[in-house]
Amino acid sequence: MSTVITRVKQRQIAQLIAKGKRLDGRGLTDYREIKVEQGIIERAEGSARVCLGKTEVMVGTKIEVGEPFSDTPDEGVLTVNAELVPLASPTFEPGPPDENSIELARIVDRGIRESKAIDVGKLCIEPGKKVFVIFVDVYVLNHDGNLIDASALAAIAALLNTKMPKYEVEEDKIKIKPGYTQIPIRRHPVTVTFAKINEKLVVDPWLDEEQVMDARLSVAFDDEGNICAVQKGGSGYFTQKQVLEAVAIGREKANEIRKKLGW
Amino acid sequence: MSQKTEKLIDKKGLRLDGRKPDELRPIKIGVGVLSNADGSAYIEQGKNKILAAVYGPRELHPKHMALPDRTVLRCRYHMAPFSVQERKSPAPSRREIELSKVIREALEPSIFLEYYPRTAIDVFIEVLQADGGTRCASITAASLALADAGIPMRDLVVACAAGKVDDTIVLDLMDEEDKIGTADVPVALMPNLNVITLLQMDGILTPEEFEKAVNLAIEGCKKIYTMQKEALRAKYVAVKEVEE
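Treat the numbers as computed from the prediction; the structure is a model and nothing was measured. (Residues numbered from 1 in each chain as written. Chains lettered and ligands numbered in written order. Predicted model: local features only at pLDDT ≥ 70, side-chain atom pairs only at ≥ 80, totals over all residues.)

K.L.:
Describe the pairing of strand 7 (residues 168-171) of chain B, with residues and values.
P.N.:
As a general feature of sheets, a regular strand has side chains that alternate between the two faces. All names here are of chain B. The sheet contact formed by strand 6 (residues 158-165) and strand 7 spans four bridges and is antiparallel. Across the sheet, residue Lys164 finds its bridge partner in strand 7, namely Ile169. Counting the residues that bridge the hairpin from strand 6 to strand 7 gives two residues, and of these Asp166 lies at a positive phi of roughly 45°. (Pairing = 2+ DSSP bridges. Helix = DSSP H or I, 4+ residues; strand = E, 2+ residues; numbered from the N terminus.)

K.L.:
Tell me about the sheet that holds strand 3 (residues 48-59) of chain B, residues and numbers included.
P.N.:
All names here are of chain B. Read from one edge to the other, the open sheet built from five strands follows the order 1-2-3-5-4, with strand pairing classed as mixed. With one partner strand each, in any of the chains shown, strand 1 (27-31) and strand 4 (72-79) form the two edges of the open sheet. Within the sheet, the average angular offset between the axes of one strand and its neighbour, ignoring direction, is 15°. Looking at chain direction, strand 1 and strand 2 (residues 39-45) are connected through five bridges and run antiparallel. Note on strand 2: the bridge partner recorded for Ile27 is Gln45. Along the sheet face, helix 1 (residues 94-107) touches strand 4 and strand 5 (119-129) and points at about 135° away from the line of strand 4. (Axes fitted to C-alpha atoms, helices over the stretch in contact; angles between N-to-C directions. Contact = placed C-beta atoms within 7 Å.)

K.L.:
How would you summarise the interface of chain A and chain B if you had to cite specific residues and measurements?
P.N.:
Counting residues at the interface gives 28 residues for chain A and 25 residues for chain B. Of all the secondary-structure elements, those providing two or more residues to the side of chain A that touches chain B are helix 2 (99-114), strand 12 (227-233) and helix 5 (240-261) of chain A. Among the elements that take part in the side of chain A that touches chain B, strand 12 of chain A stands out by supplying seven residues, more than any other. Two elements, strand 12 of chain A and strand 9 (residues 195-205) of chain B, share four bridges in a ladder whose sense is antiparallel. When the bridges of strand 9 of chain B are listed, A:Val230 appears paired with B:Met201.

K.L.:
Tell me about unusual backbone geometry, and please be specific about residues and values.
P.N.:
A cis amide bond, omega 0°, links B:Gly56 with the succeeding residue B:Pro57. By the element assignment, B:Pro57 lies in strand 3. In this structure, the amide linkage connecting B:His61 to the following residue, B:Pro62, adopts the cis form with an omega of -5°. In this structure, B:Pro62 sits in the loop between strand 3 and strand 4. Phi at A:Glu199 is positive, roughly 65°, even though this residue is not glycine. By secondary structure assignment, the location of A:Glu199 is in the loop between strand 9 (190-197) and strand 10 (200-203). Judged by C-beta crowding, with 12 C-beta atoms within 10 Å, A:Glu199 ranks as exposed. Residues other than glycine seldom take positive phi values, yet B:Asp166 does so here, at roughly 45°. Tracing the backbone through its elements, the reader meets B:Asp166 in the loop between strand 6 and strand 7. (Buried ≥ 20, exposed ≤ 12 C-beta atoms within 10 Å, placed from the backbone.)

By themselves, these are just geometric observations and shouldn't be taken as functional.
Spelled out as structure tokens, the structure:
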């Protein structure tokens with residue numbers, strides 16, 4: 001996922017960060033402007049668009065009736081998929097999901113699953129036979145860095161907006177009734193991603209910073225400030241101190257975002 | 001991770017297999033176990049049985065993927081269909097693709113990639129039997145295979161997981177603990193440089209518990225590191241004795 005960036009710019013970014021500044025004028029722990037819109041796709045059961053500066057991600061959810069997994073017969077199923085569609089960046093190509101989109105989908109999935117954001121027990125129709133399956137499809141529309149945080153936010157925003165059909169079970173048959181109910185969302189996990197550049201951590205890296213960074217660390221927090229998912233990426237390393245620093249800053253940032261969005 | 005169904009730690013504070021919370025499973029490591037590969041290693045950690053092989057530096061195909069200033073490290077983590085309880089399809093799953101990526105990124109910082117421009121180094125990992133913590137054992141073995149292949153490295157990479165089961169922070173989770181425990185924190189370490197090259201987590205931990213788990217995992221890594229060194233010595237010192 002790399003485009004060309006000049007050495008001059010690389011050096012400029014790194015030198016500014018060493019002084020505690022960033023090329024786009026932000027402080028090291030500032031997010032870009034976050035915009036969240038919900039319910040933008042009528043055909044989807046739930047949807048949201050999140051803009052993080054120029055990064056733009058859309059998430060649509062669909063609900064189907066399907067079979068539960070054999071080890072969790074009385075729980076609904078959550079499936080997260082991510083598409084890095086070619087219109088979003090000159091570096092994205094059409095084709096089956098590559099490792100980057102699979103990793104993105106799995107990080108978003110882990111944040112929702114491990115925080116137990118969805119009360120999957122309430123998505124069961126008939127234990128062992130029929131449950132609701134929620135498909136969360138992440139669609140990246142414009143890539144300007146930090147797809148992880150934007151996608152994770154968009155996924156929760158879309159889930160909060162998702163409606164589930166009302167139903168009745170009559171002699172092994174599911175009858176869909178008119179009207180909808182909200183799907184049971186209990187928590188609002190927020191993922192905060194850091195880039196390490198010149199041994200300093202910056203929050204919410206934009207594309208140029210991602211090109212320069214040594215490594216990436218994403219930490220997801222639930223509403224109580226517990227950590228529910230972590231992922232290191234990139235071919236660099238972190239010291240123990242940097243990891244703990246990221247956890248402390250991330251926790252605050254996640255709370256700020258949740259407060260701002262009224263979650 | 002799903003809810004608890006049984007006790008994972010008994011009244012004496014011992015785990016299902018009788019280990020103390022900060023105790024590793026028995027580990028066996030072999031280096032240079034495959035004759036065709038440029039470097040190879042085998043690890044048994046609990047019931048995990050994992051082979052790692054390194055080919056390269058060698059010519060890279062397709063050629064347009066080659067980089068002018070460094071070698072391309074490629075990594076494939078793969079599980080045998082018979083390695084788990086229910087047969088796993090041999091086609092790479094999304095989990096295996098993600099793990100291949102994070103394992104590659106855990107090994108990359110240790111290698112002087114710039115020494116071999118326009119080439120590829122291939123790391124192949126086959127999980128023959130899985131018992132929880134396969135990504136960590138894979139990294140430990142793969143790093144040894146790289147060393148066995150004579151690839152210049154800054155440090156070895158060693159990995160170990162810690163986690164939380166029944167409200168206790170424990171080291172080196174086995175399959176049952178991984179499945180029904182509350183959290184799992186795999187960590188890879190370059191022990192001499194003392195830096196972390198892989199860090200993941202799933203489950204729920206407070207920041208304090210997370211710190212404790214990372215510290216415990218690092219302690220585990222350091223213990224495995226001494227075994228890694230012994231395994232390398234066992235191969236190369238033995239060869240030297242034959243020559244004399």
